Amino acid sequence: MIFLASLRARWSSLLGAFVAVALGVGLTAAMGLGLDASLSAPERPPVRFAGSPVVVLGQDRLTVPVERGPDTTYVSKPLAHPHPVDTELLRELRRLGPVRLDSRKRNAVGVDAPARDVRDVVGGRARVLTGDDRRRADPGTARDAEALVAVNSFLGTAGGVAAFVSVFVTASTFAFVVALRRREFGLLRMAGATPAQVRGQLLGEALAVGIAASAVGCVLGAWGGPLLGEVLVEAGVAPRRFVVDGVPAARWFSADGVSAALGAWLSWPFQLAFWTGLFVALAGAWTASRRAGRVTPAEALRDASVDGDVMPWSRRITGGALLACGLGLLVWTLATDPSSLMKRKTYTVQPMILITAAAALAPLLVRPVVRAFRLPGAVGLLVRENATASVRRTAAVAAPVLVTVALAGSLMGATQTVSGAKAAEARERTLSQLVVTGAGLKPPPRRAVPGAVAVSASASTAVFVREGGSALVRSEARAVRDPAALAATSRLPVVAGDVRDLDDRSIVVNEEWERRRVGERVDVWLGDGRRARLRIAAVLARGSGDNGAYVTSANASVGGGGPATPGAGADSGRAAVPVPVDRVDVRLKAGADPGRAAAALAAVSGGEVRSAEEWLAATHPRTKEQTRLGLLMLLGISLVYTGISLASTLLMATSVRGAELRSLRMAGATRSQVRVVVAGEALAAVVAGTLLGLAVTAVNLGALCAGLARLSVPVGVVVPWDVVGVAVGVCGTVGVGVAVAGAGAGRRGRG
């Protein structure tokens, strides 16, 4: 067949697409194996009460009815303050058999007695766990579940970015192949080939590349899956028990290795990866094949060094529509829900629309950008004119650089900007000079701290509210002992009411709450599951999302309410135990000695005393190391694809520039000058892509900053110049190196 002969003759021009598809399939397979492992991860065995056949766990979840359409169902959320196993129940359990306690903790106990007898005694006062369910009493079980959710989120995002970049690189590669082979397609048309036959040839090449690359990618995925699992565990993203199954390279050629590979092929990760790779190859070639089919026989007689119609109208319309959609979505989100711009899912996915639009319009954008360069000397003039004349080549090099720079600037910049805004907001809210932290602090009276104006003791808690009748929302909260001291030691962003009006029958909420008018009453569940009807005393601005609710210490206790289950009464008669204070904020008089006050605090409270600046530096919101590592891995994937695209594009472009480079030599240029021209053109394309990527980054970060300003959050743009600089440096090195090497190889090939 013609396309097979074309593959043999032009395999080098499709090598970039082959590598891109193979790498994309390998990543998809590895991430699919990781997702499969996270969904079917083995549960850890019971540890805390492994020797007890039955575990009695105090009520640790709030369960309330909600409306889902015409039906009523129950939803559960973990309590902020789980109930202990009360003394009366403990006494009854001891009559059944030996009872094991875990140190002084009484949120769970092990019982050596028949499960049926234990259930009869417990009734609805606690939960009875047997068998593997006993692991629910282990703190590590909840941590593992949270870690697996993080693994799912990371692998899903990484897979989306990999698919996005691989489709883009593959499509760009085939588009440039068509641009270089338009004379060949013109000759085929002159020889009688129909447009459908030309399209079929290019799609046949893409099909062959897709099948071969997808098969190679599945092998890479089988090797890379276990390696990815080890990296996630070492980085602290996945729990220690997380293992990704694969076929080790040492077993690939053994009998059991072949059997394992055949079995793995039938699993969904490899099926998804293979067919996705094939789809990517065909989708990337589809638009290019339609353009190839429109090549006329006259193209075989035309030999122009200047690119004319560099973009079909279909691509212009698509790029313009994506640009309008991306900008419109930013404006709409900014106007209706600016707080969503701070969510990771939004600032990870939304920028891709603008990035795709800019990449689609790259052939129109790079020419004015390159023409704006003022390069010195004859060589500089030649570099600029060659780059603008061969705009297809320049755009093919600039587009992947644009994608990488825009992803690096938008993702890392948004993450660091949000973290910086939250830190600045925390600093603005703090009026105290000293902060004491620790478990079970003893709040000192104000007179015991020399120079103190106010001493505010508080504890971490939570409140739950049912919104719209269909959702149970948990809001983090602080339980304060003295609302007046809270107002004196903090600068809360109050938009209505007065924090000093807070009492045992009221609550302070923020603008995110469904009910948020001062004086209005709201039904809530407290941190230990008690139900309460509280009056709204004040409303805080929404801010960056860290402005939680405030209640008094009377509304943050353990054991004062009935079981947190449907139909439970408001009070079971158990004595309430106040939640221990975990933070004390101290505001000092002007001129007071902080050292003396800190010494008094340390002696009385028994906690760690730090200045407000030290406490903020240690605890203010910042990018988690796992999040940063995940983003760097995503950018690493994009950078690898960009390198592949640059190398393949420049090698293809240099392979057809023999006559042009010989003309330069005949005009008097030295070999060094020819290398400088080739390197300069590659560098100009990289710089153009960088500038366009920075422009996209500026739009995305500008919208984020506008959203922060609307939320009354301190605004400060953080551009990750270190990450962007590394990406640009790698792109420039690869581009210049491949261009010069390709020119040298072409000269040697001509003898």
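Conventions used here
Residues numbered from 1 in each chain as written. Predicted model: local features only at pLDDT ≥ 70, side-chain atom pairs only at ≥ 80, totals over all residues. Heavy atoms only, no water. Helix = DSSP H or I, 4+ residues; strand = E, 2+ residues; numbered from the N terminus. Buried < 20%, exposed > 50% of the residue type's maximum accessible area, 1.4 Å probe, protein only. Contact = heavy atoms within 4.5 Å. Areas by Shrake-Rupley, 256 points an atom, 1.4 Å probe, with all protein chains shown as cover. Patch = residues over 30% accessible without salt bridge, like charges linked within 9 Å, V, L, I, M, F, W, Y side chains within 5 Å. Salt bridge = Lys/Arg side-chain N within 4 Å of Asp/Glu carboxyl O. Axes fitted to C-alpha atoms, helices over the stretch in contact; angles between N-to-C directions. Parallel < 35°, antiparallel > 145°, perpendicular 65-115°, else oblique. Nonpolar A, V, L, I, M, F, W, Y, C, P; charged D, E, K, R; others polar. Left-handed = near helix turned anticlockwise from the far one by under 90°. Expected span 1.5 Å × (residues − 1). Bend = angle between axes of the 7 residues up to and from the residue. Arc of directions from axis to C-beta. pLDDT = per-residue confidence, 0-100. Core = buried A, V, L, I, M, F, W, Y, C linked by side-chain atoms within 4.5 Å. Pairing = 2+ DSSP bridges.

Helices and strands together make up the secondary structure of the chain, namely 22 helices and 18 strands. Per-residue burial over the chain gives 49% buried out of 751 residues. Within the chain, residue pairs in contact and separated by at least 24 positions form 78% of the contacts whose partners lie at least 6 positions apart. For the chain, the accessible surface area stands at approximately 34000 Å², while carbon and sulfur atoms represent 59% of it.

This brings us to a nonpolar patch on the surface. Among the surface-exposed residues, Leu39, Trp268 and Leu272 lie close enough to one another that they form a single nonpolar patch of about 320 Å² accessible area. Following the sequence through the fold, Trp268 ends up in helix H9 (residues 268–293).

Moving on: the pattern of salt bridges. In total, this model carries 16 salt bridges according to the counting rule given. Glu425 serves as the salt-bridge partner of Arg429, at 3.5 Å between the closest nitrogen and oxygen. Of this pair, Arg429 and Glu425 both sit in helix H15 (residues 391–429), four residues apart, roughly one helical turn. For Glu425, a relative accessible area of 6% translates into the label buried.

With that settled, consider the packing of helix H10 (residues 313–336) against helix H21 (residues 671–710). The contact between H10 and H21 brings their axes to 9 Å, and the two run at 10°. With respect to each other, H10 and H21 are oriented roughly parallel. Touching Leu327, Leu330, Leu334, Ala335 and Thr336 of H10 are Val699, Asn700, Ala703, Ala706, Gly707 and Arg710, all from H21. For the contact of H10 with H21, the residue count by class is seven nonpolar, three polar and one charged.

Right, let's get into the packing of helix H13 (residues 362–371) against H21. Between H13 and H21, whose axes approach to 10 Å, the crossing angle comes to 110°. When the axis of H13 is compared with that of H21, the two are roughly perpendicular. Pair H13 / H21 crosses with right-handed handedness. For the pair H13 and H21, contact is made by Leu365, Val366, Val369 and Val370 and by Ala688, Leu691 and Leu692, respectively. A class-by-class count of the residues in the contact of H13 with H21 yields seven nonpolar, no polar and no charged.

Compared with the 58 Å implied by 1.5 Å per residue over 40 residues, the 54 Å span of helix H7 (residues 195–234) between its first and last C-alpha is a close match. Its maximal kink placed at Gly224, H7 deviates by approximately 35°, while the proline Pro226 follows within four residues. Trailing H7 by a residue or two, Gly236 shows a phi angle of about 85°, which is positive.

The first and last C-alpha atoms of helix H17 (residues 594–605) sit 16 Å apart over twelve residues, in line with the 16 Å expected at 1.5 Å per residue. Within H17, the full set of buried residues consists of Ala597, Ala600, Leu601 and Ser605. All buried residues of H17 project into a common sector of 105° when viewed along the axis, lining one side. Looking at H17, the residues exposed on the side facing more than 90 degrees away from the buried face are Arg596 and Ala603. Structurally, H17 contributes buried residues whose contacts are with strand E7 (434–437), strand E17 (583–588) and strand E18 (608–611). A positive phi of about 80° marks Gly606, the residue just after H17.

A word on the side chain of Thr489. Position of Thr489 relative to the elements: it lies in helix H16 (residues 483–489). Accessibility expressed as a relative area gives 3% for Thr489, which makes it buried. When sequence neighbours within four positions are dropped, the list of residues in contact with Thr489 reads Arg429, Thr430, Leu431, Ser432, Ala454, Ser456, Asp585 and Arg587.

Moving on, we get to the confidence of the model for the chain. Averaged over every residue, the pLDDT of the chain is 80; the share at 70 or more is 85%. Throughout residues 249–253 the model reports pLDDT below 50, and contacts reaching past four residues in sequence, or to other chains, amount to ten contacts. Across residues 561–573, where pLDDT falls below 50, the model places 25 contacts with residues more than four positions away in sequence or in other chains.

The topology assignment puts Leu202 in helix H7. On the accessibility criterion, Leu202 (0% relative accessible area) is buried. With 80 residues separating them along the chain, Leu202 and Leu282 place their C-alpha atoms 9.5 Å apart.

With that settled, the discussion passes to the nonpolar core. One finds Leu232, Phe242, Ile355 and Leu407 to be the most contacted residues of the largest nonpolar core, which totals 101 residues. Membership of the second largest hydrophobic core comes to 20 residues, among which are Val509, Val522, Ala556 and Val558.

Note: strand E8 (residues 452–467) against strand E9 (residues 471–480), ten bridges, orientation antiparallel. Following the sheet pairing, Val465 is matched in E9 by Val473. Where E8 folds back onto E9 in an antiparallel hairpin, the turn is made up of three residues, including Gly468, whose phi is positive at roughly 65°. Bridging between E9 and strand E14 (residues 549–552) involves four bridges; their strand directions are parallel. Bridge pairing links Val480 to Thr552 in E14.

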